Amino acid sequence: MTSIGVVGATGQVGVAMRQILLERGFPVDQVRFFASARSAGTVLPFGDREVTVEDAAEADPRGLDIAVFSAGAATSRAQAPRFAEAGAIVVDNSSKWRMSDDVPLVVSEVNPKALDGHHGIIANPNCSTMQMVVALKPIYDAAGIERLVISTYQAVSGTGKKGVDELLGQSRALHAGDEPPDPRAYAHRIAFNALPHAGNFAAGDDHTDEELKLVNETRKILGDPSIRISATCVRVPVVNAHSEAVNVETRSPLSPEEARELLRAAPGVTVLDDPEDGRYPLAIEADGQDDVFVGRIRRDRGHDQALDMWIVSDNLRKGAATNAIQLAEVLHERGLVGARVA
Ligand SMILES: NC(=O)c1ccc[n+]([C@@H]2O[C@H](COP(=O)([O-])OP(=O)(O)OC[C@H]3O[C@@H](n4cnc5c(N)ncnc54)[C@H](OP(=O)(O)O)[C@@H]3O)[C@@H](O)[C@H]2O)c1
C-alpha cells in the first residue's frame, strides 16, 4: 500500500487525478490533498473518506511515497524539490522540470524504462506532446520518423479553469446579444474564434512555448534529437480534448494500411478511420476517455514517404492525469517507490 499526495487537488487536473486513482483502484493507504492557501481547509471526498486540503507551502510532506503535482510551474519549482527531499517521488505535470537532464520525461506506453533513472522528480509531458507520441511510437519503431509537421486545435481546458470560464462566459454573452467580457486568459476573444497563439511568445521568439514543447519534448521522449519538427499551436473554442493534424515523414516506406495495423495493435490507441461513414476522432467523443484516438490516416499526396493523420485525446486525462497515475502504478509495480537512484 502507498501513501499518495495530490498537489493541485482542487484544479481540473487534480480533480481528474482524484477520480482516476479511484477508478483504477490504485492501492492507496494514506491520501493527502494539497493546494494553495486559498483552498486550505476545504474538505474533499475520496471514495468514502473525507480529506482536508492542506496548504502545499506550509505542509510537512514527510511520510508520502508518491506526490502527483498539477499546481503550475511556480508551485513545482518551489515545492517539488522539498517534497522529493522528504522522501516522496514527485510526478510533475508542469513544464518546470521536463527538459532537465536528470529528470525523466515519461509516457507510460512509450518510454516507461526511463523511470529507472529517476532522482526523485519525474516529469509528465505537455498534453499535446503526450497524445501525439502515444500514436507516433509504433510508427517510429517500425519505420523511423524523419520529420513532423503539426497543427494543433487545442481546447480551452488546457489553460486551466480560467480558460473554460472565459469561453463559456463570452459564449453566453454573445448568445444573449450582450457585449462579451474582455479577454483575460487569452490575447483575443476565444468564443467563435481560432487563436494562432496557444501558450506564450518569449521575448524575441516567433514560436510560442507550446510549439517549442512539442519540438523538444517529442525528441526527448523518443530519444531522437534528429527528428525535424514544425509546429503551429492553435487555441480553439472547444471545452475539452485536443485535436492535432500531424504530417509524418518516415525514414522507410510505410503505407496507410500498415500504419493503421500498427496503431490498432498499439497500447492506449483506438483507431477510428472510416471517413465515408463519418467515423473519425472527435473532441466531444474523446472527452472523458483515456485512449488516444487516431483517424484520417492517408498518404500525403505531396510526399511519397509521408502520411497525414488526425489525433485526438482528452488533455485532462491522458494528456495529464491518467499518465501521472499510470506512472505511479508502474513505480509501485516495479518496486521503485523508495528505491531512488542517488
Ligand atoms: N489543463 C491541461 O490540459 C493540462 C495538461 C497537462 C498539464 N497541465 C498542467 O497541470 C497544472 C494544473 O493545470 P489545471 O488545468 O488543473 O489548472 P487549474 O484548474 O487552474 O488548477 C490549478 C491548481 O493549482 C493549485 N495552485 C495554484 N497556485 C498554487 C500554489 N501557490 N500552491 C499550491 N497550489 C496552487 C490550485 O489550487 P487553488 O484551488 O488553491 O487555487 C489548483 O488546485 C499546470 O501546471 C498545467 O500546466 C495541465
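Description of the structure in this document. (Residues numbered from 1 in each chain as written. Predicted model: local features only at pLDDT ≥ 70, side-chain atom pairs only at ≥ 80, totals over all residues. Heavy atoms only, no water.)

1. With respect to the nonpolar core
Selection criterion: Residue types Ala, Val, Leu, Ile, Met, Phe, Trp, Tyr and Cys, when buried and joined through side-chain atoms within 4.5 Å, form a set referred to as a nonpolar core. Burial classification: accessible surface area is computed with a 1.4 Å probe over protein chains only, and a residue below 20% of its type maximum counts as buried, one above 50% as exposed, and the rest as partly exposed.
Ranked by internal contacts, the top residues of the largest apolar core, which has 54 residues, are Leu148, Val294 and Met309. With 34 residues, the next largest nonpolar core counts Val13, Phe33, Val91 and Leu331 among its residues.

2. What to know about the pairing of strand 9 (residues 145–154)
Rules: Strand pairing is assigned whenever DSSP detects at least two bridges linking the two strands. Strands here are runs of E lasting at least two residues and helices are runs of H or I lasting at least four, both read from the DSSP assignment and numbered beginning at the N terminus.
Across 8 bridges, the pairing between strand 9 and strand 11 (residues 242–250) is antiparallel. Across the sheet, Ile150 pairs through a bridge with Val246, a residue of strand 11. Relative to strand 10 (residues 228–235), strand 9 runs parallel, the two being bridged by 8 bridges. What sits directly across from Gln154, in strand 10, is Arg235.

3. Points about the site of the ligand
We apply this condition: Near residues are defined by distance, with any heavy atom within 4 Å of the molecule or strand qualifying the residue. Throughout this description, a polar contact denotes any pair of N or O atoms lying within 3.5 Å of each other; where both atoms belong to protein, one of them has to be capable of donating a hydrogen while the other can accept it, and for residues adjacent in sequence the pair is counted only when both atoms sit in side chains. Surface exposure here means Shrake-Rupley accessible area, sampled with a 1.4 Å probe, where a residue is shielded only by the protein chains that are shown.
Close to the ligand lie 25 residues, the nearest being Thr10, Val13, Ser36, Arg38 and Ser39. Here an oxygen atom of the ligand sits 2.8 Å away from a polar atom, N or O, in the main chain of Val13. Gly72 places a main-chain nitrogen or oxygen 3.1 Å from an oxygen atom of the ligand. In isolation the ligand has 900 Å² of accessible area, and contact with the protein removes 78% of it.

4. Things to note about the sheet that holds strand 1 (residues 2–7)
Put simply, the rule reads: Note on contacts: a residue pair is in contact if any heavy atoms of the two residues lie within 4.5 Å. Every axis corresponds to a line fitted to the C-alpha atoms, with the helix fit spanning only the stretch in contact, and the corresponding angles, defined between N-to-C directions, vary from 0 to 180 degrees.
What the 6 strands build is an open sheet, ordered 5-2-1-6-7-8; its pairing is parallel. Here the strands that pair on one side only, and so sit at the sheet edges, are strand 5 (54–55) and strand 8 (121–123). Pairing of strand 2 (residues 28–35) with strand 5 involves 2 bridges; the strand directions are parallel. Across the sheet, residue Phe34 finds its bridge partner in strand 5, namely Glu54. In this fold helix 1 (residues 12–23) packs onto strand 1, strand 2 and strand 6 (66–69), with an angle of close to 155 degrees to the strand it touches most, strand 1. In this fold helix 2 (residues 73–85) packs onto strand 1, strand 2, strand 6, strand 7 (89–92) and strand 8, with an angle of close to 175 degrees to the strand it touches most, strand 6.

5. Concerning the packing of aromatic side chains
Applicable threshold: In this scheme Phe, Tyr and Trp rings, the latter by its six-membered ring, pair at centre separations within 6.5 Å, and the angle between planes marks the pair as stacked below 30 degrees, edge-to-face above 60, and tilted otherwise. Only Lys NZ and Arg CZ are tested; either one counts as a charge over a ring when it is within 6 Å of the ring centre and within 35 degrees of the ring normal.
Scanning the entire structure with this criterion turns up 4 aromatic pairs. Here Phe33 and Phe46 contribute two aromatic rings whose centre-to-centre distance is 6.0 Å and whose plane-to-plane angle is 80 degrees, an arrangement assigned as edge-to-face. Residue Phe33 is located in strand 2, and its partner Phe46 is located in strand 3 (residues 43–46); the two are separated by 13 residues in the primary sequence. For Phe33, a relative accessible area of 0% gives the class buried. Considering the side-chain rings of Phe34 and Phe83, the 5.3 Å spacing of their centres and the 85 degrees angle between planes classify their relative orientation as edge-to-face. Of this pair, Phe34 sits in strand 2 while Phe83 sits in helix 2; the two residues are 49 residues apart in sequence, bridging distant segments of the chain. According to the relative accessible area criterion, Phe34 is buried, its value standing at 0%. By relative accessible area, which is 0% here, Phe83 ends up buried. Site record: aromatic cluster; members linked through ring pairs are Phe34, Phe69 and Phe83. Cation over ring: Arg18 sits above Phe33, and NZ or CZ is 5.4 Å from the ring centre.

6. A look at the sheet that holds strand 12 (residues 269–271)
Strand order in the open sheet formed by 6 strands is 10-9-11-14-13-12, with mixed pairing between adjacent strands. Looking along the sheet, the strands with just one partner apiece sit at the ends: strand 10 and strand 12. Pairwise comparison of adjacent strand axes, ignoring direction, gives a mean angle of 20 degrees for this sheet. Sitting on the sheet, helix 3 (residues 127–143) touches strand 9, strand 11, strand 12, strand 13 (292–299) and strand 14 (306–313), and the angle it makes with strand 11 is about 25 degrees.

7. What to know about the environment of Asp274
Inspection of the secondary structure puts Asp274 in the loop between strand 12 and helix 7 (283–286). Measuring from C-alpha to C-alpha, the distance between Asp274 and Arg296 comes to 7.8 Å, with 22 residues separating the pair along the chain.

8. Observations concerning unusual backbone geometry
Although it is not a glycine, Ala241 adopts a positive phi angle of roughly 95 degrees. With respect to the element layout, Ala241 can be found in the loop between strand 10 and strand 11.

9. What about helix 4 (residues 161–175)?
The condition that has to hold: The length a helix should cover is 1.5 Å for every residue beyond the first.
For helix 4, spanning 15 residues, the distance from its first C-alpha to its last is 21 Å, which sits close to the expected 21 Å at 1.5 Å a residue. Every buried residue of helix 4 is listed here: Gly163, Val164, Glu166, Leu167, Gln170, Ser171 and Ala173. Where helix 4 is buried, its residues touch helix 1. Gly177 sits one or two residues past helix 4 and shows a positive phi near 80 degrees.

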